[in-house]
Amino acid sequence: MRYVRDMRGYGANPPDPQWPGGANVCVQFVVNYEEGGENNILHGDAASEAFLSEVVGAAPWPGKRHWNMESIYEYGARAGFWRLHRMFTEANVPVTVYGVATALARSPDQLAAMQQADWEIASHGLKWIDYRDHEEAVERADLLEAVRLHTEVVGERPKGLYLGRTSVYSVRLAAAEGGFDWISDTYDDELPYWLDHDGHGNAIPPQLVIPYTLDANDMRFATAQGFNSGDQFFAYLKDSFDTLYREGAVGRPRMMSIGLHCRLVGRPGRAEALRRFVEYVQSHDKVWIARRQDIAQHWRETHPYQPQALRPSRMGRDEFVQRFGGIFEHSPWVAERAFEFELGPAHDSAGGLHNALCRAFRSGTEAERLGVLTAHPNLAGKLAQAKRLTEESTKEQASAGLDALTDAERQKFTELNTAYVQKFGFPFIIAVRDNDKASILRAFETRIANSRDQEFGTACKQVERIAWYRLHDLLPS
């Protein structure tokens, strides 16, 4: 069983994006240009549009034109766009446009204005429709036609893509198309990352993903739970920016995306809030305002794709057991059982795989776990002297100086080992990398006084700790 979703991402320690100028935060403004590409029977669709307009809770009109809905979208093209265009050009703010191909084809003046302003024009699909129920082949055909039409209308192919109303196929189809420098149909992070096709095979090249947002987005003016006024929009954007700016100042820079729609924030009562936010951002010195193509270029140069050598969740059974069967000393059954779990990208790290192996170990019978304990060698015992330890055990014992004992120290360890095994029936086990000779001896003398049940539990935890160290030698943290 394999779980394709990635619930880990960068984990607790994401990379430093090294934004230009040492910026604390990268801010990115997106203008979604959808007007003229929405659902409409004039466009060959089955019903009218019902999404993201002033008519909250609107429903599609099958087989009919919705005059009010159409005119709301037309406002975005006729008035809202130009208000946003003036605002951003006067403030000298770079913009990325998510342009629906058919909408751009129906708006040549707006397209020319975008190009004159040096706005990036990315693809927003062929039409502004919902692909959740489309067959994969139909969606692929629409994607290819979106690229063709975009190239014809704009004069160059789109290098970025955000479809928006996606299916389960959308991201994979975009990566497989092979011509996009970046895609943004995810909301799962605050930094770009490389998606290596989620295990779908090497035929799909690694894809750079620049996550997008639905919270710092004017779409919430058109949802049941959302912004009722420009003040609420401004406050939310400001709070988001302040948090990211502060985190960046202490060494964790991130990216903030702001999603905009001409027919929504282009209205006067909302545009003022956006203008105030733009001025607020520009009042800070450690900010990089960029287009998505600029972010993609920076990421490629600063954090190029680097394949991970070991991917436990993508291994076959034999390779998995061969690689990890010795993590729990001479006990491949632990790896064999862990392989059967619902492994996924979250288990391709040292911590993630450690959790899976420990689950398998903990679910074993007491006799099976005892077998793991007895598989461990005595500390500084006869096997160590005869150099017959596993490579891992040899390194571990050497790290605490147990390979260089005085005669008196060796005699002490021998006496303790004998007494301990006679009492408990398994050797004394401790994660030596957490200790030195002195602390190991203290633990030895303390733990030998435990009851058998106490010491069995303690020894099992130490086995897990040893496994943690061994995995960190093999996999990223």
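I will try to describe carefully the structure that is included in this document. (Residues numbered from 1 in each chain as written. Predicted model: local features only at pLDDT ≥ 70, side-chain atom pairs only at ≥ 80, totals over all residues. Heavy atoms only, no water.)

**Let's talk about empty space enclosed by the protein**
Quick reminder of the rule: Here a cavity is any set of points on a 1 Å grid over the protein atoms alone where a 1.4 Å probe fits but cannot get out, and a pocket is any open set with protein on both sides within 12 Å along at least 5 of 7 lines; a residue lines the site when it has an atom within 4 Å of a point. Grid points are joined across faces, edges and corners, and a volume is the space filled by probe spheres set on the points. Basically, the charged four are Asp, Glu, Lys and Arg, the nonpolar ten are Ala, Val, Leu, Ile, Met, Phe, Trp, Tyr, Cys and Pro, and anything else, Gly included, counts as polar.
A complete count under the given rule lists four cavities of 30 Å³ or more for this structure. In this model, the second largest cavity occupies a volume close to 80 Å³. Split by residue class, the lining of the second largest cavity holds seven nonpolar, two polar and two charged.

**What about the packing of helix α11 (residues 350-362) against helix α17 (residues 452-472)?**
Keep this limit in mind: Between the N-to-C directions of two axes lies an angle of 0 to 180 degrees, each axis being a line fitted to C-alpha atoms and, for a helix, fitted only over the stretch in contact. Numbering of helices and strands runs from the N terminus; a helix is a DSSP stretch of H or I covering at least four residues, while a strand is a stretch of E covering at least two. Should an angle fall under 35 degrees it is taken as roughly parallel, and over 145 as roughly antiparallel, whereas 65 to 115 is taken as roughly perpendicular and any remaining angle as oblique. Throughout, a crossing is termed right-handed when the near helix is turned clockwise from the far one, and left-handed when it is turned anticlockwise from it by less than a right angle. Whether two residues are in contact is decided by their heavy atoms: any pair within 4.5 Å suffices.
Axis separation between α11 and α17 bottoms out at 9 Å; the angle between their running directions is 150 degrees. It follows from the interaxial angle that α11 and α17 lie roughly antiparallel. Where α11 crosses over α17, the two elements pack in a sense that is right-handed. Along its contact with α11, which presents Ala-350, Gly-351, Leu-353, His-354, Leu-357, Cys-358, Phe-361 and Arg-362, the element α17 presents Cys-460, Val-463, Glu-464, Ala-467, Trp-468, Leu-471 and His-472. In terms of residue class, the contact of α11 with α17 is made up of ten nonpolar, three polar and two charged.

**Observations concerning the nonpolar core**
Note the threshold: Joining through side-chain atoms within 4.5 Å is the link that ties buried Ala, Val, Leu, Ile, Met, Phe, Trp, Tyr and Cys residues into a set, and such a set is a nonpolar core. Only protein chains enter the area calculation, which uses a 1.4 Å probe; residues under 20% of their type maximum are buried, those over 50% are exposed, and those in between are partly exposed.
The biggest cluster of nonpolar side chains holds 51 residues, and the ones touching the most others in it are Phe-29, Tyr-33, Phe-88, Phe-241, Met-256, Leu-274 and Phe-277. Every element with two or more residues in this core is listed here: β1 (25-33), α1 (67-90), β2 (95-99), α2 (101-105), α3 (108-116), α6 (230-249), β8 (254-261) and α7 (268-282). The element that contributes the greatest number of residues to this core is α1, accounting for seven residues. Listed in part, the 46 residues of the second largest apolar core include Ala-356, Leu-357, Ile-466 and Tyr-469.

**So, the side chain of Gln-28**
For the record, the criterion: Each polar contact in these results corresponds to two N or O atoms within 3.5 Å; when the atoms are within protein, one needs to be able to donate a hydrogen and the other to accept it, and residues that are neighboring in sequence are counted only if both atoms are side-chain atoms.
Structurally, Gln-28 is set in strand β1. Among the polar contacts made by the side chain of Gln-28, one reaches the main-chain carbonyl oxygen of Ala-290 at a distance of 3.4 Å. With residues near it in sequence (within four places) discarded, Gln-28 still touches Val-95, Thr-96, Met-256, Ser-257, Ile-258, Ala-290, Arg-291, Arg-292 and Ile-295.

**Description of the pairing of strand β3 (residues 120-123)**
Defined as follows: Here, any two strands with at least 2 DSSP bridges between them count as paired.
Residues of β3 alternate between two faces, with Glu-120 and Ala-122 on one and Ile-121 and Ser-123 on the opposite face, all of them buried. Bridge analysis of β2 against β3 gives four bridges, and the strand direction is parallel. Looking across to β3, one finds that Val-97 is bridged to Ile-121.

**Points about the packing of aromatic side chains**
Basically, it comes down to this: Note on ring pairs: Phe, Tyr and Trp rings are taken, using the six-membered ring of Trp, and paired if centres are within 6.5 Å. Classes follow the plane angle, with under 30 degrees stacked, over 60 edge-to-face and the rest tilted. Think of it as a cone above the ring: NZ of Lys or CZ of Arg counts as a charge over the ring if it is within 6 Å of the ring centre and within 35 degrees of the ring normal.
Tallied over the full model, the rule gives 34 aromatic pairs. Three or more aromatic residues link up through ring pairs in this structure, and these residues are Phe-29, Tyr-33, Phe-81, Trp-82, Phe-88, Trp-119, Phe-234, Phe-241, Tyr-245, Phe-277 and Tyr-280. Over the ring of Phe-180 we find Arg-157; its NZ or CZ atom is 4.8 Å from the centre of that ring. Against the face of Trp-182 rests Arg-292, its NZ or CZ located 5.8 Å from the ring centre.

**Examining the layout of surface pockets**
Its boundaries defined by the atoms lining it, the largest pocket holds a volume of some 1,700 Å³. If you list the elements that add at least two residues to the lining of the largest pocket, you get α5 (170-177) and β6 (193-195). Residue composition of the lining of the largest pocket, by class: 19 nonpolar, 13 polar and twelve charged.

**What about α6?**
Convention followed: To estimate the expected span of a helix, subtract one from its residue number and multiply by 1.5 Å.
The end-to-end C-alpha distance of α6, which contains 20 residues, comes to 28 Å, matching closely the 28 Å that a straight helix rising 1.5 Å per residue would cover. Along α6, the residues that are buried comprise Gly-230, Phe-233, Phe-234, Leu-237, Ser-240, Phe-241, Asp-242, Leu-244, Tyr-245 and Gly-248. On its buried side, α6 packs onto β1, β8, α7 and β9 (287-289). Directly beyond the C-terminal end of α6, a positive phi value near 105 degrees is found at Gly-251.

**Here's the deal with the pattern of salt bridges**
Here is the rule we go by: For this analysis, a salt bridge means a side-chain nitrogen from Lys or Arg found within 4 Å of a carboxyl oxygen belonging to Asp or Glu.
Overall, the coordinates contain 28 salt bridges when judged by the stated rule. Note that Arg-317 is salt-bridged to Glu-340, the shortest N-O span being 2.6 Å. Separated by 23 residues along the polypeptide, Arg-317 in helix α9 (residues 317-324) and Glu-340 in the loop between α10 (332-339) and α11 bring together distant segments of the chain. Note that Arg-452 and Glu-366 form a salt bridge whose closest N and O atoms lie 3.2 Å from each other. Pair noted here: Arg-452 is in helix α17 and Glu-366 is in helix α12 (residues 366-375), with a separation of 86 residues, a long-range link. For Arg-452, a relative accessible area of 29% gives the class partly exposed. Note on Glu-366: relative accessible area 44%, which makes it partly exposed. One salt-bridge network, held together by shared partners, links Glu-34, Glu-35 and Arg-263.

**Regarding the side chain of Asn-450**
Checked against the element boundaries, Asn-450 lands in the loop between α16 (437-447) and α17. There is a polar contact of 2.8 Å between the side chain of Asn-450 and the side chain of Glu-455. When residues no more than four places from it in sequence are discounted, the contact partners of Asn-450 are Lys-423, Phe-424, Glu-455 and Thr-458.

**A look at the state of the cysteines**
How we decide: A pair of sulfur atoms, both from cysteines and within 2.5 Å, is called a disulfide here.
One pass over the structure, following the stated rule, counts zero disulfides. As a non-bridged cysteine, Cys-358 has Cys-460 as the owner of its nearest cysteine sulfur, 10 Å distant. What makes Cys-358 buried here is its relative accessible area of 1%.

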